[in-house]
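Structural features, examined
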Amino acid sequence: MYLTNSAYFGRMKIALIGYMGAGKSSVAQILSKKMKLDFIDLDYEIEKYTGYTITETIFNKGELYFRKLEREILKQVLTKDNFVVSTGGGTPCYYDNMDLLNANSASIYINVSIPTLYGRLEADKDARPLIAHLEGDALKEFIAKHLFERRDFYEKAIFTVKADGKSAEELSEEIRILVDE
Ligand code: S3P
């Protein structure tokens with residue numbers, strides 16, 4: 001499936017998916033360098049398009065507007081070749097984005113446990129509009145419920161890597177081997 005859809009005639013399209021704080025952007029940056037591919041951050045592409053931060057867009061225009069735009073920009077990105085894209089945590093969970101990702105890229109779910117996500121997001125939630133207002137148990141509960149709702153989408157990915165206890169470098173090497181095989 002991956003070979004026919006994504007690597008045919010030497011095109012390489014890799015999409016990293018997973019919850020906020022999974023490390024998608026860090027891994028995508030390292031992986032793109034290793035594989036000599038372009039690095040694309042979907043959130044950054046959206047910010048370039050609107051001229052506003054994701055937080056501003058969601059706050060001023062609403063989440064529905066953001067999700068529609070996210071889908072349009074995702075479609076544009078997937079027409080390119082030779083890239084690693086780090087998607088937003090919600091990208092695979094709206095419309096038929098996950099089918100679009102699987103049809104046009106080697107999708108890889110970076111699977112991180114709830115305690116690890118909580119530890120990371122507690123320290124780095126301010127720029128994340130969906131969780132910036134939550135603390136302690138409320139944050140932990142939100143992550144657990146949200147991940148439960150999203151897991152079915154993430155698990156549709158072509159590949160899954162378990163990420164707890166691994167560095168971004170280790171994960172990118174693991175992914176490089178997976179997609180090269
Ligand atoms: C979101 C995750 C964010 C960003 C937006 C919504 C989500 O991306 O797209 O704030 O719904 O999980 P990161 O996963 O890069 O934080």
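Residues numbered from 1 in each chain as written. Predicted model: local features only at pLDDT ≥ 70, side-chain atom pairs only at ≥ 80, totals over all residues. Heavy atoms only, no water.

**Remarks on the overall build of the protein**
- Scanning the protein for helices and strands turns up nine helices and five strands.
- Ordered by position in the sequence, the α and β elements of the protein form the string α-β-α-β-α-α-α-β-α-β-α-α-β-α.
- Compactness check: the protein gives a C-alpha radius of gyration of 16 Å against a globular reference of 16 Å for 181 residues, within 12% of the reference.
- Taking all 181 residues of the protein together, the buried fraction comes to 44%.
- In the protein, the proportion of contacts linking residues at least 24 apart, taken out of those at least 6 apart, comes to 73%.
- Working note: accessible area of the protein is about 9,200 Å², and carbon and sulfur atoms make up 53% of it.
- Positive and negative side-chain charges of the protein, numbering 24 and 28 respectively, have mean locations separated by a distance of 3 Å. (Helix = DSSP H or I, 4+ residues; strand = E, 2+ residues; numbered from the N terminus. Rg over C-alpha atoms; globule rule 2.2 N^0.38 Å. Buried < 20%, exposed > 50% of the residue type's maximum accessible area, 1.4 Å probe, protein only. Contact = heavy atoms within 4.5 Å. Areas by Shrake-Rupley, 256 points an atom, 1.4 Å probe, with all protein chains shown as cover. Lys, Arg positive; Asp, Glu negative; His and termini not counted. Charge placed at Lys NZ, Arg CZ, Asp CG, Glu CD.)

**A word on the nonpolar core**
- By size, the foremost hydrophobic cluster in this structure holds 52 residues, and its most contacted members are I14, L16, Y19, I108, I110, I175 and V179.
- Ranked by residues supplied to this core, first place goes to helix α5 (residues 63-78) with six residues. (Core = buried A, V, L, I, M, F, W, Y, C linked by side-chain atoms within 4.5 Å.)

**Details of the packing of aromatic side chains**
- The final tally for this structure, using the stated rule, is one aromatic pair.
- In this structure, K61 is placed above the aromatic ring of Y65, and the distance from its NZ or CZ to the ring centre is 4.8 Å. (Phe/Tyr/Trp six-rings, centres within 6.5 Å; stacked < 30°, edge-to-face > 60°. Lys NZ or Arg CZ within 6 Å of the ring centre and 35° of its normal.)

**Remarks on the environment of I158**
- Here I158 lies in the loop between α8 (136-154) and β5 (159-162).
- Note on I158: relative accessible area 25%, which makes it partly exposed.
- Spatially, the C-alpha atom of I158 lies 6.2 Å from that of I108, the residues being 50 residues apart in sequence.

**Section: the site of the ligand**
- In the vicinity of the ligand lie 13 residues, with K24, D43, R67, G89 and R150 positioned nearest.
- Within the contact set of the ligand, an oxygen atom lies 2.7 Å away from a side-chain nitrogen or oxygen of R67.
- Computed on the free molecule, the ligand has an accessible area of 380 Å², of which 93% lies beneath the protein chains in the complex.
- Counted by class, the shell around the ligand contains five nonpolar, three polar and five charged residues. (Near = heavy atom within 4 Å. Polar contact = N/O pair within 3.5 Å; in protein donor to acceptor, adjacent residues only side chain to side chain. Nonpolar A, V, L, I, M, F, W, Y, C, P; charged D, E, K, R; others polar.)

**With respect to the packing of helix α7 (residues 114-123) against α8**
- Between α7 and α8, the shortest axis-to-axis distance is 10 Å and the interhelical angle comes to 130 degrees. Relative to α8, the element α7 lies oblique. Every pair of crossing elements has a handedness; the one defined by α7 and α8 is right-handed. Between α7, through I114, L117, Y118, L121 and E122, and α8, the contact on the second element is made entirely by G136, L139, K140, I143, A144 and L147.
- Here the contact of α7 with α8 is composed, by residue class, of eight nonpolar, one polar and two charged. (Axes fitted to C-alpha atoms, helices over the stretch in contact; angles between N-to-C directions. Parallel < 35°, antiparallel > 145°, perpendicular 65-115°, else oblique. Left-handed = near helix turned anticlockwise from the far one by under 90°.)

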